[in-house]
Each structure stands twice: as structure tokens, then as C-alpha cells.
Amino acid sequence: MAFESFDMIFHQPDICLDLDDSAVEATTYPATADRTGETWTVDVHSLPDGLSVRAEGSTWREVEEAVVTRVPRELKAGPGTVIVSVKPADPEAAAAVGALTRARLDRAYAEQAERDAARAAVRVLAAQGWSAEDAGTVLRLPTARIDKLLAAASGLSA
């Protein structure tokens, strides 16, 4: 039996939920982008000491890259310590972008839950003496994936 479609979930990386061990702390600054004619303008909000940063560009990518580069430089911030979150100034556009972002996050968390459930199921079935072939069949995963999950669970490999 071919279970490749179910195995594809393991082609995505796991989500790292424990960011407390991160050595770098970042501050996020909100920004809004408006388009007038052919020009995008981004204004960054809530910067310290009354600092104001504005960037312009002909494309969203251009203006976003400009502001993401400029804000840390203006703040004299270390690498990776500043995040600029650029959103459309128009409420309808911002809501549409936000809805897509939330849907993508929901999908990523659902995929992580599927990977976690598969790992747990493999551990339970293996502990009950199921063969890798039988476990793979009932879980709709290739036997090779079952073997990899068992090896990772026992600390033999990732």
C-alpha cells in the first residue's frame, strides 16, 4: 500500500514551541503601509525616544526590506533584536492579510499535532509489540517512516 500522502507531513519541520531558551530577545515595532499612486510608504510606530522612521518604495517588497533594514540601524540595535511588522494601513486589506496569516498558523499547528499524534501512536503500538509493517498499515504510514520514528524515539537518530 502507498501511504506517501500521509507521510508528507514529516517533510515539514517541527514547530519549536519553547522560545524561552533563546539567547536573543527581540522587540517588535508595528508599521503600516499605504500606497499613493505607484509609491508605497511605510510608517513605523511606537519607536523609542520619539524616533520616526518612514520608507518609500515602488513595491511592497522594496519598502518592507528598506524599513526592516533601516529601523535597526536607526535604533543602533544588535542583529536579530528588532522586528518590524508591516501591515496594510487599509483595515479591509489588513483584515484579509491577518486572516490568511492566522489560517497558515492554524495549519502549521494542526500539522504539528498530526506529527505528534503519529509519534505517540507509534510508541504505543511498538510498546504493545506491533510490527513496523502492521503499525504502518493501521497508521497509513510507510514502514520506513515507522522505523525512523521508532529510532528517533529510542534516541538512535532523528
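Residues numbered from 1 in each chain as written. Predicted model: local features only at pLDDT ≥ 70, side-chain atom pairs only at ≥ 80, totals over all residues. Heavy atoms only, no water.

(A) Geometry of the pairing of strand β3 (residues 53-57). Of the two faces of β3, only the one carrying Val 53, Ala 55 and Gly 57 is buried; Arg 54 and Glu 56 on the other face are not. Bridge analysis of strand β2 (residues 39-44) against β3 gives five bridges, and the strand direction is antiparallel. Residue Thr 41 lies in a different strand from β3, and its bridge partner there is Glu 56. (Buried < 20%, exposed > 50% of the residue type's maximum accessible area, 1.4 Å probe, protein only. Helix = DSSP H or I, 4+ residues; strand = E, 2+ residues; numbered from the N terminus. Pairing = 2+ DSSP bridges.)

(B) Inspection of the side chain of Arg 145 at higher detail. Here Arg 145 shows up in helix α5 (residues 143-153). For Arg 145, a relative accessible area of 13% puts it in the buried group. Each residue touching Arg 145, except ones within four places of it in the same chain, is listed here: Asp 7, Phe 10 and His 11. (Contact = heavy atoms within 4.5 Å.)

(C) Structural detail: the pairing of β2. Looking at chain direction, strand β1 (residues 27-36) and β2 are connected through six bridges and run antiparallel. Counted as the bridge partner of Arg 35 is Trp 40 from β2.

(D) Highlighting the environment of Leu 51. Its location among the elements puts Leu 51 in the loop between β2 and β3. Residues Leu 51 and Leu 75 lie 24 residues apart in sequence; the distance between their C-alpha atoms is 8.5 Å. Ignoring any residue separated from it by four or fewer positions in sequence, one finds Leu 51 in contact with Glu 74 and Leu 75.

(E) Spotlight on the pattern of salt bridges. Summed over the entire model, instances satisfying the criterion amount to seven salt bridges. For the salt bridge of Arg 119 with Asp 14, the shortest nitrogen-to-oxygen distance reads 3.0 Å. Linking Arg 119 in helix α3 (residues 91-127) with Asp 14 in the loop between α1 (4-7) and β1, this pair joins segments that are 105 residues apart in sequence. Given the relative accessible area of 42%, Asp 14 is considered partly exposed. Residues Asp 116 and Arg 119 are paired through a salt bridge, measuring 3.5 Å at the closest nitrogen-oxygen approach. Here the residue Asp 116 and the residue Arg 119 both occupy positions in helix α3, the gap between them amounting to three residues, near one helical turn. By sharing partners, the salt bridges in this structure join Asp 14, Arg 115, Asp 116 and Arg 119 into a single network. (Salt bridge = Lys/Arg side-chain N within 4 Å of Asp/Glu carboxyl O.)

(F) Spotlight on the nonpolar core. Ranked by internal contacts, the top residues of the largest apolar core, which has 15 residues, are Val 42, Val 44, Val 67, Val 71, Val 84 and Val 86. Only β1, β2, β3, α2 (60-75) and β4 (82-88) provide two or more residues apiece to this core. The contacts of Val 84, once residues within four sequence positions are left out, are Tyr 29, Ala 31, Val 44, Val 67, Val 68 and Val 71. With 10 residues, the next largest nonpolar core counts Ala 118, Val 122, Ala 132 and Ala 135 among its residues. (Core = buried A, V, L, I, M, F, W, Y, C linked by side-chain atoms within 4.5 Å.)

(G) Region of the structure containing unusual backbone geometry. For Lys 76, which is not a glycine, the phi torsion comes out positive at approximately 55°. Within the secondary structure layout, Lys 76 lies in the loop between α2 and β4. Phi is positive for Arg 140, close to 60°, though the residue is something other than glycine. Positionally, Arg 140 belongs in the loop between α4 (132-139) and α5.

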